[in-house]
Amino acid sequence: MSSSEAERPPGHGSEPTAGPADDLAAVAPQLRSLRRRAGLTLEAAARAAGLSPAYLSRLETGQRQPSLPMLLALARIYGTTVSDLLGETAGDRDAIVRAADMEPTRAGGWTYWQAGASGRGMQALRVHVPHGSQGDIVRVHPGEEWLYVLKGRLRLRLGDTAHLLAPGDGAHFDSLTPHRLAAEDHDGVELLFVHTLLQSPTATLCLGPITGELP
């Protein structure tokens, strides 16, 4: 395996692209501090996220911008939310989230809107997945996921079984089951998406003992 292949995240045919730079400008400063707050070395966090340490280091120094699936994976591992990774702050953690307050964020071709408050044990998102965007990425991580198709059709692969979900269909599954999401239609698919977040003690148990000083 070449050095360039070793640095590429598994399942990515090419380096991920991001939307407008302003959407992800706050990610790099947050990534390292949140990783250290979770008590994870660069190597342990990269292994859990399916990245190489070199690639995660580039994310932390702003040399690369993460896709939305990467943000979701890192948020789970660090026991936080995508909002925290983006440096967003919650006001009074109001139970109500108004449509007017849902600002779109783009990453890796996906567009998402926060549909729930940050700092909770679950994260709720409304997500638009374009056709052909990262449909070849297989994800495996601790936790649970629930999704509900609002518009379009979703091609969902769970383990060795493929499912075609239409508007009104939903899925609830253990995230340790290898899974892959792709839009079936050229107009893409719009989803409601809820996933559980890992707190750092749980992450430590899943990753095994962590040794060495944090870089």
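Since this is a predicted model, take the numbers as computed values, not measurements.

**Some remarks on the packing of helix α3 (residues 42–49) against helix α5 (residues 68–78)**
Where α3 contacts α5, the two axes come as close as 9 Å, and the packing angle between them is 125°. Comparing the axis directions of α3 and α5 gives the class oblique. Our pair here, α3 against α5, has a crossing hand that is right-handed. Where α3 approaches α5, its residues Ala45, Ala48 and Ala49 are matched on the opposing element by Leu74, Ile77 and Tyr78.

**Side note on the packing of aromatic side chains**
Inspection of the entire model under this criterion finds one aromatic pair. When the centroid spacing of 6.2 Å and the interplanar angle of 15° are considered together, the rings of Trp146 and Tyr148 count as stacked. What makes Trp146 partly exposed here is its relative accessible area of 31%. Against the face of Trp113 rests Arg126, its NZ or CZ located 4.0 Å from the ring centre.

**Focus: the environment of Ser33**
Tracing the sequence through the fold places Ser33 in helix α2 (residues 27–37). Ser33 gets classed as partly exposed once you look at its relative accessible area, which sits at 41%. With 52 residues separating them in the primary sequence, Ser33 and Leu85 have C-alpha atoms 9.8 Å apart.

**Considerations on the nonpolar core**
Core analysis: the largest hydrophobic core is formed by 42 residues, its most contacted members being Leu56, Leu59, Tyr78, Leu85, Val127, Leu147 and Leu154. Sort the elements by how many residues they give to this core and α5 lands first, with eight residues. When residues no more than four places from it in sequence are discounted, the contact partners of Val127 are Leu68, Trp110, Thr111, Tyr112, Val189, Glu190, Leu191 and Phe193.

**Some points on the sheet that holds strand β7 (residues 170–174)**
Spatially, β1-β2-β3-β9-β4-β7 is the arrangement adopted by the six strands of the open sheet, whose pairing is antiparallel. Edge positions in the open sheet fall to β1 (105–107) and β7, since each of these has one partner strand only. Strand after strand, the sheet turns through a mean of 25° between neighbouring axes, direction not considered. Pairing of strand β4 (residues 144–151) with strand β9 (residues 189–196) involves six bridges; the strand directions are antiparallel. By the bridge assignment for β9, Val149 is matched with Leu191. α5 contacts β1, β2 (110–114), β3 (122–129), β4 and β9 of the sheet and is inclined by roughly 15° relative to β9.

About the thresholds
Residues numbered from 1 in each chain as written. Predicted model: local features only at pLDDT ≥ 70, side-chain atom pairs only at ≥ 80, totals over all residues. Heavy atoms only, no water. Axes fitted to C-alpha atoms, helices over the stretch in contact; angles between N-to-C directions. Helix = DSSP H or I, 4+ residues; strand = E, 2+ residues; numbered from the N terminus. Parallel < 35°, antiparallel > 145°, perpendicular 65-115°, else oblique. Left-handed = near helix turned anticlockwise from the far one by under 90°. Contact = heavy atoms within 4.5 Å. Phe/Tyr/Trp six-rings, centres within 6.5 Å; stacked < 30°, edge-to-face > 60°. Buried < 20%, exposed > 50% of the residue type's maximum accessible area, 1.4 Å probe, protein only. Lys NZ or Arg CZ within 6 Å of the ring centre and 35° of its normal. Core = buried A, V, L, I, M, F, W, Y, C linked by side-chain atoms within 4.5 Å. Pairing = 2+ DSSP bridges.

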